[in-house]
Amino acid sequence: MQALPVAHTTPSARAVTSQWSTAPRRASAVTCRVTGSEQHSVSHMERSSKRSSDRVPFAAVTPTARAGPVLLGTEVPTPLVAAVALGGAALGLRAIKKVFDTPSRTYDGQNVGKEYDAWTREGILEHYWGEHIHLGYYTEEEQAAGYKKKDFIQAKHDFVDRMIQFAGVSNPGSILDVGCGIGGTTRMLASRFPGAKVAGITLSPNQVARGTALAAEKGLANCEFKVMDALKMDYPDNSFDVVWACESGEHMPDKGAYVREMVRVLKPGGTLVIATWCQREVTPANPFTASDKERLQFLYDEWAHPYFISKEEYGRLVQGTGVMEAAHLEDWAKYTLPSWRHSIWVGVYDPWIVVSKPHLWYKCARDGVTLERFHRAFVDGLVQYGMIRAVKKKAAA
Ligand code: SAH
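Residues numbered from 1 in each chain as written. Predicted model: local features only at pLDDT ≥ 70, side-chain atom pairs only at ≥ 80, totals over all residues. Heavy atoms only, no water.

1. Some points on the overall build of the protein
1) Next: Along its length, the protein carries 19 helices and 9 strands.
2) Next: Looking at the protein as a whole, 47% of its 397 residues are labelled buried.
3) Next: Once local pairs closer than 6 in sequence are excluded, the contacts in the protein between residues at least 24 apart make up 79%.
4) Next: For the protein, the accessible surface area stands at approximately 19500 Å², while carbon and sulfur atoms represent 59% of it. (Helix = DSSP H or I, 4+ residues; strand = E, 2+ residues; numbered from the N terminus. Buried < 20%, exposed > 50% of the residue type's maximum accessible area, 1.4 Å probe, protein only. Contact = heavy atoms within 4.5 Å. Areas by Shrake-Rupley, 256 points an atom, 1.4 Å probe, with all protein chains shown as cover.)

2. Points about the sheet that holds strand 9 (residues 383–392)
Hydrogen bonding along the main chain pairs the strands of a sheet, whether they run parallel or antiparallel.
1) Next: Reading across the sheet, the 7 strands line up as 5-4-3-6-7-9-8 and stay open at both edges, with mixed pairing between neighbours. Two strands close off the open sheet at either side, each with one partner strand: strand 5 (223–227) and strand 8 (324–331). The average angle at which neighbouring strand axes cross in this sheet is 15°, direction not considered.
2) Next: Relative to strand 5, strand 4 (residues 197–202) runs parallel, the two sharing 5 bridges. Across the sheet, residue valine 198 finds its bridge partner in strand 5, namely cysteine 223. (Pairing = 2+ DSSP bridges. Axes fitted to C-alpha atoms, helices over the stretch in contact; angles between N-to-C directions.)

3. Brief notes about the packing of aromatic side chains
1) Next: As enumerated under the stated definition, the model contains 18 aromatic pairs in all.
2) Next: Judged by centre distance (6.4 Å) and plane angle (75°), the ring pair of tryptophan 277 and phenylalanine 308 falls under edge-to-face. Note that tryptophan 277 is positioned in strand 7 (residues 266–279) and phenylalanine 308 in the loop between helix 14 (290–302) and helix 15 (311–320), a separation of 31 residues in sequence. Exposure class is identical for tryptophan 277 and phenylalanine 308. Each is buried.
3) Next: Seen from their ring centres, tryptophan 277 and phenylalanine 374 are 4.9 Å apart, and the 55° between their planes marks the pair as tilted. Taken as a pair, tryptophan 277 in strand 7 and phenylalanine 374 in helix 19 (residues 361–379) lie far apart in primary sequence, 97 residues in all.
4) Next: Here the guanidinium or amino end of lysine 148 rests over the ring plane of tryptophan 345, the centre of that ring lying 4.3 Å away.
5) Next: Its guanidinium or amino end placed over the ring of tryptophan 129, lysine 156 lies 3.8 Å from that ring's centre, counting from NZ or CZ. (Phe/Tyr/Trp six-rings, centres within 6.5 Å; stacked < 30°, edge-to-face > 60°. Lys NZ or Arg CZ within 6 Å of the ring centre and 35° of its normal.)

4. Some words on the site of the ligand
1) Next: Taken together, 20 residues lie near the ligand, and Gly179, Thr185, Gln207, Ala230 and Cys246 sit nearest.
2) Next: At a separation of 2.7 Å, a nitrogen atom of the ligand approaches a polar backbone atom of glycine 179.
3) Next: Relative to its free-state accessible area of 570 Å², the ligand is covered by the protein chains to the extent of 99%. (Near = heavy atom within 4 Å. Polar contact = N/O pair within 3.5 Å; in protein donor to acceptor, adjacent residues only side chain to side chain.)

5. Section: the pairing of strand 6 (residues 240–246)
1) Next: For strand 6, the tally of buried residues reaches 6 of 7 residues, placing the bulk of the element in the interior.
2) Next: Where strand 3 (residues 174–178) and strand 6 come together, 3 bridges link them in parallel fashion. Bridge pairing in strand 6 places aspartate 177 opposite tryptophan 244.
3) Next: For strand 6 and strand 7, the ladder comprises 6 bridges, and the chain directions are parallel. In the strand pairing of strand 7, valine 242 is matched with threonine 271.
4) Next: In this region the chain leaves strand 6, passes through helix 13 (residues 255–265) and returns to the parallel neighbour strand 7; the handedness of that crossover is right-handed. (Right-handed = clockwise from strand over helix to strand, strands pointing away.)

6. Describing the confidence of the model for the protein
1) Next: Of the residues in the protein, 82% reach a pLDDT of 70 or more, and the chain-wide mean stands at 84.
2) Next: Per-residue pLDDT stays below 50 along residues 1–65; that stretch engages in 53 contacts with residues further than four places along the chain or on separate chains. (pLDDT = per-residue confidence, 0-100.)

7. Things to note about the nonpolar core
1) Next: Phe159, Trp244, Trp277 and Tyr385 are the most contacted members of the largest nonpolar core, which totals 62 residues.
2) Next: Contacts of tryptophan 244, omitting those with residues within four sequence positions, involve Val160, Met163, Ile164, Ile175, Leu176, Asp177, Val178, Thr185, Leu189 and Val273.
3) Next: Core analysis: the next-biggest nonpolar cluster, separate from the first, contains 29 residues, Ile201, Met252, Val259 and Val263 among them. (Core = buried A, V, L, I, M, F, W, Y, C linked by side-chain atoms within 4.5 Å.)

8. Description of unusual backbone geometry
Glycine aside, the phi torsion of most residues is negative, and most peptide linkages are trans.
1) Next: Positive phi outside glycine occurs at asparagine 238, with the angle close to 55°.
2) Next: Here asparagine 238 lies in the loop between strand 5 and strand 6.
3) Next: Even without a glycine there, the phi angle at glutamate 247 is positive, about 55°.
4) Next: Mapped onto the fold, glutamate 247 is located in the loop between strand 6 and helix 13.

9. Observations concerning the packing of helix 10 (residues 152–167) against helix 11 (residues 184–192)
1) Next: Direction vectors running N to C along helix 10 and helix 11 enclose 60°, while the axes themselves pass 11 Å from each other. The orientation of helix 10 relative to helix 11 falls into the category oblique. Crossing of helix 10 over helix 11 shows right-handed handedness. Facing His157, Val160, Asp161 and Ile164 of helix 10, the residues of helix 11 in contact are Thr185, Met188, Leu189 and Arg192.
2) Next: In terms of residue class, the contact of helix 10 with helix 11 is built from 4 nonpolar, 2 polar and 2 charged. (Parallel < 35°, antiparallel > 145°, perpendicular 65-115°, else oblique. Left-handed = near helix turned anticlockwise from the far one by under 90°. Nonpolar A, V, L, I, M, F, W, Y, C, P; charged D, E, K, R; others polar.)

Have a look at this one:
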């Protein structure tokens with residue numbers, strides 16, 4: 001004798017479900033689409049339902065659903081359908097992960113200026129980050145109270161004030177801001193030091209235009225912006241009292257040339273101050289794992305960074321010029337860390353500029369993922385926030 005499907009033949013199940021179900025009788029209609037054994041079993045169910053009431057127990061329709069759909073005349077078991085659906089979903093997720101794991105803006109020697117031109121034109125970065133394209137500063141107390149309570153833009157202003165303190169400069173006559181973005185920091189330095197002439201250089205013509213317009217809007221006459229390569233600056237030797245570089249070293253394809261050029265244009269007695277994302281120092285006892293290397297490579301490639309070096313290596317490069325003294329290094333990862341997730345939250349709280357630009361959704365989604373990846377790399381100590389300062393020897397003239 002042919003075995004009946006379990007749900008049909010289990011009296012207890014029928015008893016339990018019939019107490020609860022008031023589903024109208026439609027089992028016969030459902031069974032029109034199923035196989036002979038199903039029809040047989042439903043007939044059996046119909047017979048028993050006639051014995052009890054006009055209403056069909058809910059369990060009566062279940063077997064049809066459990067049997068799964070018919071494909072090309074063959075009944076496909078439900079577990080198989082579920083397995084195929086799950087497999088499809090897993091493959092889809094893997095494909096999405098692969099797309100997001102594959103960097104999209106790899107440094108190619110020429111794209112840094114273009115990427116910043118695009119960011120400036122699109123306006124999204126400025127909308128969220130304001131005039132400053134660098135991380136913010138959050139004190140331990142602010143972090144204990146909840147970093148999201150701090151104003152995101154204020155954190156960036158605080159960073160600049162902390163960096164001024166770190167540099168230990170008080171009354172400079174001239175400042176060079178190397179890799180100035182749209183000049184938020186350049187203008188802030190020009191306001192903090194009204195007696196100083198402040199110059200900002202960048203690879204992006206759009207940033208120069210935006211920085212110049214914002215300076216005019218604010219009535220700041222003591223700052224100017226130029227497109228210039230930090231590795232081959234037009235300035236003569238010994239030109240500036242302070243050379244300031246905030247989050248531009250990340251993009252430099254030759255960190256040695258970067259440091260040497262900045263030191264060259266620095267006046268004797270002047271101060272070099274650098275803030276930059278660094279990879280942690282590698283030692284024989286603490287080498288990078290394969291996973292460390294893979295994570296770093298993504299962080300380099302996604303935002304047009306050739307590579308990072310450690311803050312210790314920056315220290316060696318500064319010392320290596322032979323004309324610098326009083327070099328001092330710090331890691332500010334703990335003060336800047338909230339910036340990464342805060343960046344994501346400001347987008348969540350105020351998504352409309354992104355929503356209104358569908359052509360940028362994919363790019364913004366990628367940037368969200370990258371922000372989180374940076375956050376994790378900083379948490380794990382794979383990346384550090386290098387602060388480097390040194391003074392050019394007076395005898396170096
Ligand atoms: N310091 C800025 C923004 C940093 S974003 C601020 O405080 O807001 C990085 C900047 O470095 C961009 O403006 C980019 O154009 C600039 N940059 C990168 N490589 C450069 C190079 N070789 N020469 C000059 N500027 C460079």
